[in-house]
Amino acid sequence: MTGVPASAAGGPSAAKGGPAGGVSGAASGAAPSAPSDVVSGRAAEALAHGVPAVDAEGFSDSGAKHPRGKKIAAAAVNQASVWNIANLLTMLRLVLVPGFVALMLADGGYDPAWRSLAWAAFAIAMITDLFDGHLARTYNLVTDFGKIADPIADKAIMGAALICLSGLGDLPWWVTIVILGRELGITLLRFLVIRYGVIPASRGGKLKTLSQGIAVGMYILALTGWLATARFWVMAVAVLLTVATGLDYVRQAIVLRRQGIAEREAALEETEA
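The rules behind each value
Residues numbered from 1 in each chain as written. Predicted model: local features only at pLDDT ≥ 70, side-chain atom pairs only at ≥ 80, totals over all residues. Heavy atoms only, no water. Helix = DSSP H or I, 4+ residues; strand = E, 2+ residues; numbered from the N terminus. Buried < 20%, exposed > 50% of the residue type's maximum accessible area, 1.4 Å probe, protein only. Contact = heavy atoms within 4.5 Å. Areas by Shrake-Rupley, 256 points an atom, 1.4 Å probe, with all protein chains shown as cover. Expected span 1.5 Å × (residues − 1). Phe/Tyr/Trp six-rings, centres within 6.5 Å; stacked < 30°, edge-to-face > 60°. Lys NZ or Arg CZ within 6 Å of the ring centre and 35° of its normal. Axes fitted to C-alpha atoms, helices over the stretch in contact; angles between N-to-C directions. Parallel < 35°, antiparallel > 145°, perpendicular 65-115°, else oblique. Left-handed = near helix turned anticlockwise from the far one by under 90°. Nonpolar A, V, L, I, M, F, W, Y, C, P; charged D, E, K, R; others polar. Patch = residues over 30% accessible without salt bridge, like charges linked within 9 Å, V, L, I, M, F, W, Y side chains within 5 Å. Salt bridge = Lys/Arg side-chain N within 4 Å of Asp/Glu carboxyl O. Lys, Arg positive; Asp, Glu negative; His and termini not counted. Charge placed at Lys NZ, Arg CZ, Asp CG, Glu CD. pLDDT = per-residue confidence, 0-100.

Glancing now at the overall build of the protein chain. A count of helical and extended segments in the protein chain gives ten helices and zero strands. Secondary structure elements of the protein chain occur, N-terminal to C-terminal, as α-α-α-α-α-α-α-α-α-α. When burial is assessed residue by residue, the protein chain has 31% of its 273 residues classed as buried. A sequence separation of at least 24 residues applies to 64% of the contacts in the protein chain between residues at least 6 apart. Carbon and sulfur atoms provide 68% of the accessible area of the protein chain, an area that totals close to 17100 Å².

See the structure below:
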């Protein structure tokens, strides 16, 4: 006697479908029935080629997380996350730029009605600028697209307004050059020192943005009397904040670079030691 149970050896109990044979038949029949009853056509084809089938969440038939499927699912999530409310507001600002320019220059650029419509477009763009960043940080909607498009949209609408105002003779060109030169220079500076760290936004920078928006908005409108005088002083404050915060950013960039170089040298010395 080999000691092998009759159910395993195909004995009478197995042939007659007895209790032992029924249990054994269920156990032995479960595995081969899975590909035809459970696995889909795509999974069956994958199994035929020796590749584990992976579902939309990256799980294989065995229940294990498949690395390739995980990457595909993560890429799909990241792609979908681009179309969130924060990025849509940023896209709206970009779309408003050509519309704003058309309204500013309509009918020679001096019609009060068209200038009022241009101011409305500018105001919408500035208001959305206040909300898109807040929404992105609060609801974890930060994306690579938003990081790139948001500053571009900000500078596009402000640059378009300043150039139009200077082109129409309402604002001295040196004001436009100072403001745009500072914005472009600080953006370039951020990219140069990003290997050492990130320069955080300061309260002065936020006040600068607010004062620029108010001043440019007042210049877009066809104001007269004391309001026309008031906008001059608001713009003067905006220019001063623009220069002061620009110099502060340069100081922070120098300090950040020195700290980064010192940390790298210290790490190199520890490695050599």
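So, about helix α7 (residues 144-167). Relative to the 34 Å expected for 24 residues at 1.5 Å per residue, α7 spans 34 Å between its end C-alpha atoms, a close match to the ideal helical length. All of the buried residues in α7 are G146, A149, A153, I157, M158, G159, A160, A161, L162, C164, L165 and S166. Buried residues belonging to α7 abut α5 (85-105), α6 (112-138), α8 (173-193) and α9 (203-220).

A word on the packing of aromatic side chains. Counting across every chain of the model gives two aromatic pairs. Arranged with centres 6.0 Å apart and planes meeting at 40°, the rings of F100 and F122 form a pair that is tilted. Residue F100 is located in helix α5, and its partner F122 is located in helix α6; the two are separated by 22 residues in the primary sequence. On the basis of relative accessible area, F100 is assigned to the buried category, the value being 0%. Here R231 stacks its cationic end above the ring of Y219, 4.6 Å away from the centre of that ring.

Here we come to the packing of α6 against α7. Running from amino to carboxyl end, α6 crosses α7 at an angle of 155°, the nearest separation of the two axes being 11 Å. With respect to each other, α6 and α7 are oriented roughly antiparallel. Crossing of α6 over α7 shows left-handed handedness. Contacts between α6 and α7 involve R115, F122, A125, M126, D129 and D132 on the former and, on the latter, D150, D154, I157, M158, A161 and L165. Classifying every residue of the contact of α6 with α7 gives seven nonpolar, no polar and five charged.

A surface patch of negative charge is lined by E265, E269, E270 and E272. Here E265 lies in helix α10 (residues 226-272).

Time to look at the pattern of salt bridges. What the rule picks out here adds up to eight salt bridges. The closest approach of N and O atoms between D129 and R93, which form a salt bridge, is 3.8 Å. With D129 in helix α6 and R93 in helix α5, the pair connects residues that are 36 residues apart, well separated along the chain. On the basis of relative accessibility, which here comes to 0%, the residue R93 falls in the buried class. The salt bridge involving R93 is made with D150; its shortest N-O contact spans 2.8 Å. Here D150 lies in helix α7 and R93 lies in helix α5, a separation of 57 residues in the sequence. Here the residues in one salt-bridge network are R93, D129, D132, D150 and D154, joined through shared partners.

Looking at the protein chain as a whole, its pLDDT mean stands at 77, while 71% of the residues score no less than 70. With pLDDT under 50 throughout, residues 1-80 is counted as low confidence; its partners more than four residues away or in other chains account for 42 contacts.

Attention shifts here to a nonpolar patch on the surface. Nonpolar side chains collect at one region of the surface, where W83, I85 and L88 lie side by side and expose about 340 Å² of accessible area between them. Along the chain, the position of L88 falls in helix α5. You can call L88 partly exposed: its relative accessible area is 39%.

Once that is clear, we can look at the packing of α6 against α9. Where α6 contacts α9, the two axes come as close as 9 Å, and the packing angle between them is 170°. Looking at the two axes, α6 sits roughly antiparallel to α9. Across from R115, A118, W119, F122, M126 and D129 in α6, the residues of α9 making contact are T209, G213, V216, G217, Y219 and I220. Considering only residue class, the contact of α6 with α9 consists of seven nonpolar, three polar and two charged.

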